[in-house]
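Fold and contact review
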Amino acid sequence: MAAIQFKQVNYSLSTLVSQIEMGTLGLPDLQRPFVWKPVKVRDLFDSMYRGYPVGYLLFWDNVVEPGARQIGTDGKQLAPQQLIVDGQQRLTSLYAVIKAQPVVTSDFKKSRIRIAFRPIDEKFEVANPAIEKDIDWIADISDLWDPDGSFLAFVKNYVGRIRESREITEAEELAYENAIQRLRDVINFPFTALSLSSDLDEEMVSEIFVRINSEGVRLNQADFILTLMSVFWEKGRRNLEEFCRDARTPSDSSASPFNYFIQPGPDQLLRVAVAVAFGRARLQHVYSILRGKDLQTKEFSSERRDEQFGLLQKAQEAVLDLTNWHEFFKAVTVSGYRGSRMVASETNLMYGYAMWLIGRIDFGVDLAALRQVIARWFYMCSVTSRYTGSSETQMEADLARLRNLKTADQFVEELDRICGSELTSDFWDIRLPNDLEKRSARTPALFSYYAALCVLDAKVLFSQMTVAELLDPAVKGKKSAIERHHLYPRAYLESIGVTELRDINQIANYALVEWSDNIQISDSPPATYYPQYVHAMSGPEEMSFWHALPESWAQMEYGSFLEARREKMAKVIKAGWEMLNPKATSVEKGGVAEHLSHAPEHWSVEELLERKESARVEFKSSARWSYKRGEKGKEIEDAVVKTVAGFMNRHGGTLIIGVDDEANVLGLAKDLTTIGRDDLDGYENWLTTLFEVSIGKPRLGHITVSFVQIEGDEVARVDVRRSPTPVFSKTSEAASAFFVRAGNSTRELNAQEAHEYIELHFVPQVHSSELRLGRTEEE
């Protein structure tokens with residue numbers, strides 16, 4: 001038989017409570033989330049009262065030297081000699097009730113565990129308002145162990161209350177007193193603990209836990225590290241808990257970690273801190289390192305422990321920094337994702353945050369470049385499900401690829417290289433369409449499709465609103481602003497013999513529409529409702545591309561429609577990727593190159609008139625002449641300036657002058673009379689001067705003016721490229737205004753809106769001044 005790796009030790013509850021209070025038994029701070037329901041605490045006290053066994057405790061001897069530093073909210077005097085592996089919830093329950101201490105619930109709210117006891121029938125209950133008013137009940141048994149109270153006075157007071165309400169016999173009074181005394185004696189209840197040897201590592205301890213625990217829940221490495229933090233760095237553990245609590249509710253005024261993507265748990269943030277501090281994703285050896293163990297000599301050292309905790313502390317400060325936290329989510333937003341409803345993997349999100357921090361802190365990548373590369377990285381990781389399955393192994397490999405890099409450029413290039421190696425032609429053409437052959441409402445491929453629609457600034461099907469606008473998680477109403485619509489409605493499919501839900505609810509049968517359209521379409525066959533909507537759509541070709549609608553799809557056989565649409569959805573996701581990563585743009589069919597071939601700068605004026613106005617196409621009757629007032633007007637010039645500036649601040653676009661909103665050609669004759677010249681060179685000169693004065697000379701390179709004759713009349717075509725920096729405009733009404741193209745209109749943003757928009761889309765070139773965390777290549 002092998003050497004025995006444990007010893008059996010008996011304790012009374014009073015001894016356990018005392019050791020927890022002194023700190024020699026490492027029960028984590030009561031401010032960490034407590035997961036037991038009050039009824040389980042009630043049952044625990046009931047079992048102990050009746051003398052029933054309540055299970056073994058499992059401790060792990062801790063290697064500490066005399067006088068080791070230890071931090072605790074209760075002024076604990078000694079470093080913990082033992083850590084609690086199994087029994088934390090039981091001991092937390094008992095300690096919290098006996099000491100009348102509040103605990104933090106799973107939603108991070110403070111609460112007292114109040115257990116009531118009725119001596120007349122020796123019944124336990126969770127306290128409630130009715131019990132508090134009933135004199136037969138002791139509403140809070142914590143009063144029995146109040147060190148400042150008198151037990152005899154307590155019993156006398158209780159019996160006196162009963163006597164005032166009714167007559168009781170001496171035998172009944174004695175029974176009450178005995179029951180209360182028995183309850184108070186629970187403090188002497190015997191516990192048996194198995195104390196594991198300090199020579200065992202955390203994996204062995206976890207295995208032992210699984211073998212003796214009836215629930216068989218394996219402890220993970222994060223559990224051990226969080227427990228160790230409670231012992232040696234309780235403030236750090238508490239900071240994690242407070243951050244997680246504050247991330248759950250919006251703040252009225254002060255900055256907070258609240259966001260629409262994740263309500264993180266301490267273990268998730270810990271993994272980020274470990275990746276930043278030690279360049280590791282596997283936590284297997286991190287626990288030993290934080291205990292101060294030399295992995296070669298197997299010896300423990302308090303100096304080594306303090307050094308490693310110092311690295312973790314510095315990393316955690318960066319992880320919990322609110323500026324870092326929210327800057328990362330801006331990168332996620334740039335990648336097209338708009339909240340937790342679109343995030344299939346929180347692990348992907350947290351590892352993305354680790355990459356952001358490493359890029360910012362270790363390599364000093366400026367915010368502009370970092371935001372873009374992390375947007376690409378997150379998009380790739382999401383669409384490929386990179387961290388699904390063996391997430392630690394994959395992240396460990398990714399971190400290893402960064403260890404020999406030195407510069408910001410190398411960091412960006414390496415992440416882009418990895419992205420390129422994953423997003424191959426086989427991925428786009430074979431794997432991704434196969435991933436879309438599912439019915440799950442929460443699948444990475446579907447969310448990537450929605451993200452691509454946001455990146456491409458696509459409109460919702462049959463709507464002038466964009467997908468990004470209606471997926472905004474901050475906008476909530478009684479009905480969801482946007483709904484998933486069955487392109488082939490369920491009732492229609494059932495009428496033609498398609499009855500299996502796995503076929504009806506295929507991803508490829510869903511499109512995003514406004515809820516009102518979803519209701520109106522109801523169960524109509526696509527061949528009936530689609531023609532009614534298609535004539536009202538602006539830019540039907542672009543709408544068909546965004547929503548992956550095959551040609552003549554409404555008349556297709558259902559199975560063929562699904563197969564064709566999956567391929568087109570994959571092309572839209574690819575287009576989103578190429579919009580984020582211009583270097584990846586190809587001339588392949590279905591890529592951004594093909595998508596951009598449908599962009600206005602690639603269309604003739606005749607084609608633009610057929611497609612009508614859209615997010616990137618605008619018609620103006622004139623640039624100076626007011627047809628309404630019959631004279632020139634500054635407001636007409638302002639409208640042209642606003643449109644061009646709005647295009648520059650969005651995705652670019654094309655303005656046609658001399659055509660009304662209904663695509664009727666009016667020509668430029670009226671405008672020419674107002675500038676005193678009748679030649680097009682003069683008109684182009686006047687337009688250029690207008691843009692130079694209103695938008696600025698440096699922007700003129702983003703504008704191309706040309707003329708074309710339509711139906712015998714000249715019209716002006718103004719092609720506008722997106723500006724890499726924010727464009728403020730001067731109009732007759734304002735010295736500086738900020739305009740953005742939204743749908744088929746141009747909107748002016750107020751100061752706060754413009755600031756937020758610029759932060760998200762135009763990042764200043766600010767370089768990081770933070771120092772590296774001190775990792776070496778060998779680590």
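See the structure above.
A short tour of the structure in this document, coming up. From a predicted model like this one, the values you see are computed outputs, not experimental measurements. For every chain, the first residue of the written sequence is number 1, and numbering continues from 1 onward in sequence order. Thresholds applied to this predicted model are a pLDDT of at least 70 for local features of residues and 80 or more for the giving and counting of side-chain atom pairs; totals over whole chains, interfaces and linings are not thresholded and use all residues. By convention in this description, side-chain values take in all heavy atoms of the structure and omit both hydrogens and water.

Details of the overall build of the protein chain
Only runs of H or I of at least four residues qualify as helices and only runs of E of at least two qualify as strands under DSSP, and these elements are numbered from the N terminus. Secondary structure assignment for the protein chain yields 32 helices and 21 strands. Burial statistics for the protein chain: of 779 residues in total, 53% are counted as buried. When the accessible surface of the protein chain is totalled, it reaches about 35200 Å², and 48% of it is carbon and sulfur. Residue exposure (1.4 Å probe, protein chains only): buried if accessible area is under 20% of the type maximum, exposed if over 50%, otherwise partly exposed. We get accessible surface area from the Shrake-Rupley algorithm with a probe of 1.4 Å; when it comes to residues, only the shown protein chains can shield them.

Quick word on the environment of V103
Mapped onto the secondary structure, V103 falls in strand β6 (residues 103–105). By relative accessible area, which is 2% here, V103 ends up buried. When the C-alpha atoms of V103 and I113 are compared, they prove to be 7.5 Å apart, with ten residues separating the residues in sequence.

A look at helix α5 (residues 151–165)
What a helix is expected to span follows from its residue count: subtract one and scale by 1.5 Å. The end-to-end C-alpha distance of α5, which contains 15 residues, comes to 22 Å, matching closely the 21 Å that a straight helix rising 1.5 Å per residue would cover. Its buried side turned inward, α5 meets α6 (170–184). Pairs of residues are marked as contacts when any of their non-hydrogen atoms sit within 4.5 Å.

Notes on the side chain of R565
If you trace the backbone, R565 turns up in helix α26 (residues 558–580). Under the counting rule used here, the positive set is Lys and Arg, the negative set is Asp and Glu, and His together with the chain ends is not counted. In the sections that follow, a salt bridge refers to a side-chain nitrogen of Lys or Arg positioned within 4 Å of a carboxyl oxygen of Asp or Glu. Of the side chains with opposite charge, E567 comes closest to the buried, unpaired R565, at an N-O distance of 12 Å. If near-sequence neighbours (up to four positions away) are discounted, R565 is found in contact with Y449, L487, I507, A508, N509, Y510, A511, H547, A548, L549 and P550.

Points about the sheet that holds strand β21 (residues 745–749)
Note: two strands are recorded as paired if DSSP finds a minimum of 2 bridges between them. The three strands lie next to each other as β19-β20-β21, forming an open sheet whose pairing is antiparallel. Every interior strand has two partners, whereas the edge strands, β19 (728–729) and β21, have only one. Sheet analysis places β19 next to strand β20 (residues 737–742), joined by two bridges and oriented antiparallel. Opposite F728, over in β20, you have F738 as the bridge partner.

Examining the packing of aromatic side chains
In this scheme Phe, Tyr and Trp rings, the latter by its six-membered ring, pair at centre separations within 6.5 Å, and the angle between planes marks the pair as stacked below 30 degrees, edge-to-face above 60, and tilted otherwise. Inspection of every chain in the model, using the stated rule, returns 33 aromatic pairs. When the centroid spacing of 6.1 Å and the interplanar angle of 85 degrees are considered together, the rings of Y158 and Y176 count as edge-to-face. With Y158 in helix α5 and Y176 in helix α6, the pair connects residues that are 18 residues apart, well separated along the chain. An identical accessibility class is assigned to Y158 and Y176; each is buried. Clustering of aromatic rings is evident, with ring pairs tying together F462, Y488, Y492, Y530, W553, Y558 and F561. Here, a charge over a ring means that NZ of Lys or CZ of Arg falls within 6 Å of the ring centre while also lying within 35 degrees of the ring normal. Over the aromatic face of Y49 sits the side chain of R182, whose NZ or CZ is 4.2 Å from the ring centroid.

Section: the side chain of S723
As for its placement among the helices and strands, S723 is situated in the loop between β18 (713–720) and β19. Overall, S723 belongs to the buried group, its relative accessible area being 0%. Here a polar contact means two N or O atoms within 3.5 Å. Within protein one must be a hydrogen donor candidate and the other an acceptor candidate, and residues neighboring in sequence count only if both atoms are side-chain atoms. Side-chain polar atoms of S723 contact the side chain of R699, separated by 3.4 Å. From its side chain, S723 meets the backbone oxygen of T725 in a polar contact 2.6 Å long.

Regarding the pattern of salt bridges
In the structure shown here, the tally under the stated rule is 38 salt bridges. Residue D136 is joined to R166 by a salt bridge in which the shortest nitrogen-to-oxygen separation is 3.0 Å. Here R166 lies in the loop between α5 and α6 and D136 lies in the loop between α4 (129–133) and α5, a separation of 30 residues in the sequence. Classification of D136 as buried rests on a relative accessible area of 16%. Classification of R166 by relative accessible area gives partly exposed; the value is 30%.

Some words on unusual backbone geometry
One non-glycine residue, A548, lies in the positive phi region at around 55 degrees. Tracing the backbone shows A548 in the loop between α25 (540–546) and α26. Positive phi, normally seen in glycine, also occurs at S552, with a value near 55 degrees. Here S552 shows up in the loop between α25 and α26.

Some remarks on a negative patch on the surface
Patch members must show over 30% relative accessible area and no salt bridge, and they are joined within 9 Å when carrying like charges or within 5 Å when they are nonpolar side chains of Val, Leu, Ile, Met, Phe, Trp or Tyr. Charge coordinates come from a single atom per side chain, which is NZ of Lys, CZ of Arg, CG of Asp or CD of Glu. A cluster of acidic side chains, namely D426, D429, E437, E563 and E567, defines a negative patch on the protein surface. Of all the secondary structure elements, the ones that give two or more residues to the negative patch are α18 (425–435) and α26. Inspection of the secondary structure puts E563 in helix α26. Overall, E563 belongs to the exposed group, its relative accessible area being 51%.

Things to note about the sheet that holds strand β17 (residues 703–710)
If you walk across this open sheet you meet the four strands as β13-β16-β18-β17, and the pairing is mixed. Each having just a single partner strand, β13 (617–620) and β17 make up the two edges of the open sheet. When strand polarity is set aside, the average angle formed by the axes of neighbouring strands in this sheet is 20 degrees. Here β13 runs beside strand β16 (residues 653–657); their pairing, made up of four bridges, is parallel. Residue pairing in the sheet places K620 in a bridge with I657 of β16. Between the N-to-C directions of two axes lies an angle of 0 to 180 degrees, each axis being a line fitted to C-alpha atoms and, for a helix, fitted only over the stretch in contact. Along the sheet face, helix α31 (residues 680–694) touches β16, β17 and β18 and points at about 145 degrees away from the line of β17.

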